[in-house]
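Commentary on secondary and tertiary structure
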Amino acid sequence: MADSDPYSQEGRASGVTTLDTAIPVGGEVDIAESGNVDLNAPEEESVELGSHFDNLAETLDAAELSEIASDLLDAIEIDKEAHEKRDQQYEEGLRRTGLGNDSPGGASFAGASRATHPALMEAALDFSARVMSEMLPPEGPVKDFIVGEPTDEKEDRAKRTARYMNYQITELMPSAYHEFEMGFTQCPLGGAFYSKMYTVDGNPSVMFVPIDKVHRPWSDGDFYSQPRLTHEQDVDKYQFNDNVRRKLWLDVVAVSSSPSLDDQTKATTANDRIVGRGTPTENIDDIRVIYEVSAMLPSLEDGEEGEDADGVLPYIVTIDVNTRRILSVYRNWREDDENRKRLDFLVEWPFWPWRGGIPIGMTQMIGSLAGAATGALRALLDAAFLSNSQTGMKLKGGATTGGQNIRPQVGQTTEVSGSLAMDDIRKTYMPLPFPGPSPVLFQLLGFLVDSARGVVRTTFDEYDKMSGNTPVGTASMFIEQGLKNFGAVHGRLHRSMRRFLRQLWEINSHTISNEVIVDQFGELNVTKEDFQGPMTVIPVSDPRIFSDMQRSAQAQMIQQRATTAPPGLYDLRKSELFFLKRMNVPDPEQFLVPDPQATQKNAVAENVEASRGLPIKAYPGQDHEAHLAIHLAYLTSPMFGSNPIIAMKYLPVMLGHLAEHLALWYADATLIAANAAIQERAGDPTITVESLAKMKGVEISLDRLLAEITPAVLQHATEQLAEVTPIIMQAQQLMQKMAPPTPMDPSIVAMKDVERQSQADQQMGQAKIIDIQSRTQMNAQKTQMDQQRLQIQQSEAQRKAAESSQKSQIDVMMKAKELEAKQQDAQAKHESEQQRNMIAAAGIQSKEGMNAADNATAIEITEMKIDSDGGGGNLSTGTGINPSP
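1. Things to note about the sheet that holds strand β7 (residues 228–235)
- Overall, antiparallel pairing links the five strands, which are arranged β6-β7-β8-β9-β10 in an open sheet. In this open sheet, the two strands that pair with only one neighbour each are β6 (214–215) and β10 (325–331).
- Bridge count for strand β9 (residues 312–320) against β10 is six bridges, and the pairing is antiparallel. Paired with Tyr315 across the bridge in β10 is Arg331.
- Set on the sheet, helix α2 (residues 62–82) makes contact with β6, β7, β8 (288–298), β9 and β10; between it and β8 the angle comes to about 105°.

2. With respect to the packing of aromatic side chains
- Throughout the structure, instances matching the rule amount to 17 aromatic pairs.
- Taken together, a centroid distance of 6.5 Å and an interplanar angle of 50° make the contact between Tyr164 and Tyr167 tilted. Highlighted residues: Tyr164 and Tyr167, both in helix α5 (residues 152–172), separated by three residues, approximately one helical turn. Residues Tyr164 and Tyr167 agree in their burial class; the two are buried.
- With 6.1 Å between their ring centres and 70° between their planes, Tyr164 and Phe531 make a pair best called edge-to-face.

3. Some points on a nonpolar patch on the surface
- Together, Leu569, Tyr570 and Leu572 make up a nonpolar patch on the protein surface, roughly 320 Å² of accessible area in all.
- For Leu572, a relative accessible area of 54% translates into the label exposed.

4. Some remarks on the pattern of salt bridges
- Enumeration according to the criterion identifies 24 salt bridges in this entry.
- Between Arg95 and Asp102 there is a salt bridge, with its nearest N and O atoms 3.6 Å apart.
- A salt bridge links Asp102 to Arg273; its shortest N-O distance comes to 2.7 Å. You can see Asp102 sitting in the loop between α3 (84–96) and α4 (119–135) and its partner Arg273 sitting in helix α8 (residues 266–275), a full 171 residues away along the chain.
- Judged by relative accessible area, which is 18%, Asp102 ranks as buried.
- Each of Glu91, Arg95, Asp102 and Arg273 takes part in salt bridges that share partners, so that together they form one network.

5. Concerning the pairing of strand β4 (residues 192–200)
- Counted residue by residue, β4 has eight buried out of nine residues, so it is predominantly covered.
- As paired strands, β4 and strand β11 (residues 347–350) are joined by four bridges and run antiparallel to one another. Directly across from Ser195, in β11, lies its bridge partner Val347.
- Sheet analysis places β4 next to strand β5 (residues 203–210), joined by eight bridges and oriented antiparallel. Within β5, the residue paired with Met197 across the bridge is Val206.

6. Brief notes about helix α21 (residues 724–738)
- Over its 15 residues, α21 extends 21 Å from the first C-alpha to the last, a length consistent with the 21 Å expected when each residue adds 1.5 Å.
- Val724, Ile727, Ile728 and Ala731 are the residues of α21 that are buried. Taken down its axis, α21 places every buried residue within 100° of arc, on the same side. Away from its buried face by more than 90 degrees, α21 exposes Gln730, Gln736 and Lys737.
- Its buried side turned inward, α21 meets α17 (624–636) and α18 (644–682).

Criteria and cut-off values
- Residues numbered from 1 in each chain as written.
- Predicted model: local features only at pLDDT ≥ 70, side-chain atom pairs only at ≥ 80, totals over all residues.
- Heavy atoms only, no water.
- Pairing = 2+ DSSP bridges.
- Helix = DSSP H or I, 4+ residues; strand = E, 2+ residues; numbered from the N terminus.
- Contact = heavy atoms within 4.5 Å.
- Axes fitted to C-alpha atoms, helices over the stretch in contact; angles between N-to-C directions.
- Phe/Tyr/Trp six-rings, centres within 6.5 Å; stacked < 30°, edge-to-face > 60°.
- Buried < 20%, exposed > 50% of the residue type's maximum accessible area, 1.4 Å probe, protein only.
- Patch = residues over 30% accessible without salt bridge, like charges linked within 9 Å, V, L, I, M, F, W, Y side chains within 5 Å.
- Areas by Shrake-Rupley, 256 points an atom, 1.4 Å probe, with all protein chains shown as cover.
- Salt bridge = Lys/Arg side-chain N within 4 Å of Asp/Glu carboxyl O.
- Expected span 1.5 Å × (residues − 1).
- Arc of directions from axis to C-beta.

This is how it looks when you write it as C-alpha cells:
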C-alpha cells in the first residue's frame, strides 16, 4: 500500500498526488482547431513512499492496542479536567460578546435591559480584520526568499515556488481563507486557535481547530514540546466510513451504535447559542467523538524494545471514544530523518503568552472591564426605562369594591367604580419616583470603555493628533507607539504562519509528482525538485510593519531620501516601484517605463539614446577621442544638445557618459604608454602589462613604471582633450539652470519644523498666559461685581426688611387704633343703646300713666253718662262718642 502524509485524510492511502500538468518531460502537446490542448505524456511509474506511513494498527497486537488506548484515554480525561476552568473562561468570553443574548449581569425585573456593550466584540472583530489583511492578502500569503548568496537560478526558483504556493492557497485550497478568518476571530476570545493540515482530492487543505477542542497536559512548557496533544473532533458516519474505505482507519467500530451528543464543551454550547444551533433530539448522522492524539509513546518499531532501544517516539493515534478502540497508529516523523524529529501535528496561533505555556486572550485581559461596561450600560438603560414607566402602589380595597381590572386606553376615558367611603381615585394610588440616568454613571461607562481599549490597542488613536505637515518619521513613530501591543501579537502570528508554510512545503515535497505544474494561465510554474532543499518562501507579512500607514510612511521616507541624496546613490526607478508596491498598486510595473539595458553602440546612436533619456555606456577598446569629439559637437550644437527641449534629458545622461569615456581614455593611454616602455626596456614586443600583472614579485616595479609615465600621459591628455573641460563646464551650468529647485534636506526641514513648532508653542504659551491673565482679571472683576451686587442685594434686603418691619409696626398700630376706635364705637353704641332703652322705658311708663288716666276719665264720663241716661235724656260730649240708644 502506498501512502503519503500522516496528516492527510486520503493521502495516507492514495500515495502520490498528481496535479494538472503542462508538457511533461519527454512528452508532446497537440493543439486542436478548437483550441483544446492534449498532453501526450511518456509512460511514467508512480513514485511511492514505501511503508513508512502505513497504519501500524493493522499489524500491532490487539492487547497492545487496547493498552495504548486505555492509557491515552485516561490521560486525556485528566488533561480535560485540569483545563476545565479554561473552557469556562472561553465560554464567558463568548457570552460577554452578547451575540447569544445571554451576557451575564443586569437587573432581573420585567423589562430590564439585556443590551451588551460591544467593547469585547469590537476588539475581536477589529483585531481579526487587521490580522487577516496582513497575514492573508487577496493575492496570497507567500513571498519569495533566497537562502545564501543570491543568484539568478535561486531567484527564479524562489519566485516559482512563491507564485505556485500563492495559487495553491488561493485557488486549490478554497476553504483556507474561510478557516483562517474563523480562527483570527476566535483567537482574541479564546487566547489562541490551531490549524491542521490534511488533503482532499489530492490537494492540501487546512482546518480551523478551536482551543476548547485541543487538550494538552497540565505540565508547563512549549506547545510543540508537550508529550501529548489531543484534537477532539466530531465525525459523522459518512466521513467515518469514507476513512475506513480508504484504509485510513480500521473497520473495528459499529458506526450505527452512535453515542449521545449531550457531552459538549461549555464553549461549544455558548457558540451554539450564538449561531442558533441546538442539540438534535436524535443523532441521525451517527456523529461520534474521535480523539486524534500526537503522543510520545514507547517505540513500536520491529526489533526495538521501548526505552531500551530508542526510548519514546512520536506517533499519531486515532481513538473512538465511545468504544475505546484504536482506529489508526501512524509514525510522526519523516522517513529520511535519522533523528526522528516530531512533525508538527497542529500549528498554534497564540494571542498573548503567559506562564505555563498556555496563551491568554482578551477574555482574561478585559473581560471584567467589558462586563462592567455592560453593567453600566444596562443601568443607564434601566434608569431611562424606569423614569419613563408608571410604577406605584394601590390601596387594597380603597376606591373600588370587589376588585377591578382597569386597562386605560390612550385617548379614551375609562370609568372606574367608586365606593361610599372613597370619592377620589387619587387617594388610592401612589406613584413611585425613580431617578433618571446618572451623568456620573455615563462618565464611568466612558472610562471603562477607554480602559478596555487601552489594553490591546488596535486603532489609530494617535494618528488623529497628526496634521498634513507632520514629518513622515514623526507620523511613523506615532503609529508605531499606537500599535505597539498589536505589533507584538502580529509578530507571534507571523511566526505561526511560517510554521504553516513549512507544513505545506513538506506536503508539496512529497505529493507533487515529477512533472511540470501549470497554473490557471497554462504558464510553466514549478517542478517537484523546486520543493527539495531549503524552503524558499516566507510569509508576505512583515512582523515589524503591520499597517498600511506604516508602509506608506516608509515608502515616502525612501522617496524623500532618493530625491535629496547625491546623484547615483539611489535607483529612482526601484524607489518608485517600492512606493507603488507599498501602496498595494496591482502590477506596478505597468505604470513605469521599462528599465532599459545599455548595449555597445556607435557615438551617433549613443547621442540619439541619450536624447531620449535612455542609458548609454562606454566600453574599453573604443576610440574614445572620436566618441568624445562626436558627443561634444552634438552637445554644443544649439539645434541639438544645447536645445532646452533635448538638453533636459540629454545632459544628465551624457555627462556621466563623458566621464566614462575620459576614464577609459586615461586607462587605455596609460596602458599603451606602459606597454611601450616595458617593450622598449625589455627589447621584447610580446611583453605587456597584463602578462606582468600575473607574475608575482613585479608589483612594485610595475607601480614605479606607471608613476614614471603618468606625467606624460596627463600632458598628452591636456593636449588632446583641451576642449573637453570647458564644454563640460558649460553643460553643467546649463543643466543647473534647467534643474528644478533642490528640495531641502529632511533634517533641516525637521529642524525648522521643530523651531516652528517651538515658536508656535511659545506663542501659544504666551497666548495662554495672556488668556489666563485676562481670565483671572475678568474673574476678579466678576468677583468684585458679584460682591457689590451681593452688598446691594443685602442692603436692599435690609431696606426691605426695615420697611417691612416699619410697615408691620404701622399696621399693628393702625390695627390697634382701629380696634380701640371700634371698641370706643361699641362702647358709645352701648351707652347710647342704654340711654335709648332708659328713655324708651320712661316713655312707656308715662304713656301707661296717661293711658290709665285717660281710662279713668273715660270711666268717669261713662259713669256720668250712665247716670244722666238714667234720667231719660241724651247727653252729647265733646269726645265724639255717641252713646248707644
